[in-house]
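Take a look at the letters that make up each chain.
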Amino acid sequence: MSEPLILGIESTCDETGVALVRGRQLLTDVTATSMDEYARYGGIIPEIASRAHLESLLPTLDAALVQAGVGLDQVDAVAVSAGPGLIGSLTVGVSAAKALAAVLGLPLYGVNHVIGHLAVDELVDGPLPRRFVGLVVSGGHSSLLAVGDLATDVHELGGTLDDAAGEAFDKVGRLLGLPYPGGPHVDRVSQHGDRTAIRFPRGLAAAKDRQRHRYDFSFSGLKTAVARYVESLEDDGELVPVADVCAAFSEAVNDSLTAKAVQACLDQDVDTLVVGGGYSANSRLRELAAERCKAAGITLRLPPLRYCTDNGAQIAALGSAAARSGVAPSPLDFAPDSGMPLETVVAR
Ligand code: KG4
Ligand code: ZN
């Protein structure tokens, strides 16, 4: 018998995503985004995002079914992002998923969006190894995870104590007058700069912090150092070397992320690092992670860019992993959780 067909629905932030996955095979993945509406505000407006999900959900669902050439009657289970994310946005997706599951009489998996960023890699690179370390880097998270079974065994090793990597990039982008969201722009500009021109601090790199916060990150001190550097040049009437600032800042963030991720693999005695999340589109992260994993004999699994940003495929992939592991579906009355803990993979 073929594996179950999973319909995945994603609506944690500004992307409405619907995908269909059978086993580890992606049939279709359709995404609508409301990102363009936020440029003039310089940040996501939750109320606008919720309304955009309401408008986009059914057309996105229809498009996914048409593209895959399947009817709702062929779907075997529904998976939806249960959190973490914006509560209004989550509520739209969860309500739609519950309605579909109830009407069609299907099992429903309310899954963790962040763990979905790792699950999507199975659709690209095949089954994950028995144990691995996951690095999820996005606008809201910079987390290191020790993972066994994706659906049942996720252990949080550490995370950011203040800003997430993407968030720090967005703030530095704003500081340098780059358009919103700053992350991709800082990345683009950094490619024309000299990453050794300025030495910015690495958070939690001191010996005492390396003990207590072995797998944690901190980027707020770095962000302040960038702000001070820029202000002092401006005060002296000097030109800010924007490309060098972007390159040196990016180097500091990616040095911390990759050094600690590789360290976690060595400590955990695992030979695979899986990287996911919107920030993993960052060019220098991809380069440095590849370099350092190779040097340490670690296999790096890093999905292509289109699976790094939020999408329905990551949710369908995790729902599929949960079904495969025999995890009980979520109760129909589970609540979306804006602060869903990373070790909770399926909502109860
Ligand atoms: O995972 P994601 O799509 O949404 C969240 O769940 O947060 O991540 C979006 C974040 C934003 O902060 C964005 O600026 C950042 O990822 N980002 C980047 C790049 N592409 C996206 N940051 C740095 N370099 C990039 N190339
Ligand atoms: Zn995300």
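For the structure, check the block above.
As the structure is a prediction and not an experimental result, all values here were calculated from the model.

**Student:** Help me out: how do you make sense of the site of ligand 1 in this one?
**Tutor:** Around ligand 1, a shell composed of 19 residues is seen, among which Gly139, Asp170, Asp187, Gly278 and Asn282 lie nearest. Between ligand 1 and glycine 166, the relevant distance is 3.3 Å, taken from an oxygen atom to a main-chain nitrogen or oxygen of the residue. In this structure, an oxygen atom belonging to ligand 1 sits 3.3 Å away from a side-chain N or O atom of aspartate 310. Counting residues per element, the shell around ligand 1 draws most heavily on helix 5 (residues 165-175), at 4 residues.

**Student:** Where do I start with the pairing of strand 3 (residues 25-33) in this structure?
**Tutor:** Summarising the sheet, strand 2 (residues 15-22) and strand 3 pair through 8 bridges and their orientation is antiparallel. Its bridge partner lying in strand 3, arginine 22 is registered against glutamine 25. The turn linking strand 2 back onto strand 3 is made up of 2 residues, and glycine 23 within it adopts a positive phi angle of 60°.

**Student:** Teacher, can you tell me more about the coordination of the zinc ion (ligand 2) here?
**Tutor:** When a metal carries six donors in an octahedron, the ideal angles between them are 90 or 180 degrees, while four donors in a tetrahedron ideally lie at 109.5 degrees. Of the protein atoms, only His113 (NE2), His117 (NE2) and Asp310 (OD) coordinate the zinc ion (ligand 2), at distances of 2.1 to 2.2 Å. Counting along the primary sequence, the residues that act as donors to the zinc ion (ligand 2) give the motif H-x3-H-x192-D. With a gap of 197 residues between them, histidine 113 in helix 3 (residues 113-119) and aspartate 310 in the loop between strand 10 (299-301) and helix 11 (312-324) connect regions that are remote in the sequence. Given a relative accessible area of 6%, histidine 113 falls into the buried group.

**Student:** I keep staring at the packing of aromatic side chains and nothing clicks. Help me out?
**Tutor:** Think of a pair of aromatic rings as described by two things: how far the centres are apart, and how the planes are tilted against each other in angle. By the definition in use, this model includes 4 aromatic pairs. Centroid distance phenylalanine 169 to tyrosine 279: 5.1 Å. Interplanar angle 65°. Geometry classified as edge-to-face. Of the two residues, phenylalanine 169 sits in helix 5 while tyrosine 279 sits in the loop between strand 9 (272-276) and helix 10 (283-296), which places them 110 residues apart along the sequence. With relative accessibility at 0%, the residue phenylalanine 169 sits in the buried group. For tyrosine 279, a relative accessible area of 7% translates into the label buried. Relative to tyrosine 229, the ring of phenylalanine 200 has its centre 5.8 Å away and its plane inclined at 90°; by these criteria the two rings are edge-to-face. Remark: tyrosine 229 occurs in helix 8 (residues 220-235) and phenylalanine 200 occurs in the loop between helix 6 (182-190) and helix 7 (207-212); sequence separation between them is 29 residues. Residue class for tyrosine 229 comes out partly exposed when judged on its relative accessible area of 25%.

The rules behind these values
Residue numbers run consecutively from 1 along every chain, following the written order of its sequence. Whichever chain is written first becomes A and whichever ligand is written first becomes 1, with later ones labelled in order. Since the coordinates come from a predicted model, pLDDT governs what is reported: local features require at least 70, and pairs of side-chain atoms require 80 or more to be given and counted, while whole-chain, interface and lining totals use all residues. As a rule here, side-chain values cover all heavy atoms of the structure and leave hydrogens and water aside. Whether a residue is near a molecule or strand depends on its heavy atoms: it is near if one of them lies within 4 Å of it. Contacts described as polar in this section are N or O atom pairs within 3.5 Å, which, within protein, must combine one atom able to donate a hydrogen with one able to accept it, while residues neighboring in sequence count only if both atoms come from side chains. Every helix listed is a DSSP run of H or I at least four residues long, and every strand listed is a run of E at least two residues long, numbered separately from the N terminus. Any two strands are treated as partners once DSSP identifies two or more bridges connecting them. Only nitrogen, oxygen and sulfur atoms qualify as donors, provided they sit within 2.8 Å of the metal or within 3.2 Å for Na, K and Ca; with water excluded from the atoms, sites may seem incomplete. Any residue under 20% of the maximum accessible area for its type is buried, any over 50% is exposed, and the rest in between are partly exposed; the area is computed with a 1.4 Å probe on protein chains only. Note on aromatic contacts: the rings of Phe and Tyr and the six-membered ring of Trp form a pair at centre separations within 6.5 Å, being stacked when their planes are under 30 degrees apart, edge-to-face when over 60 apart, and tilted otherwise.

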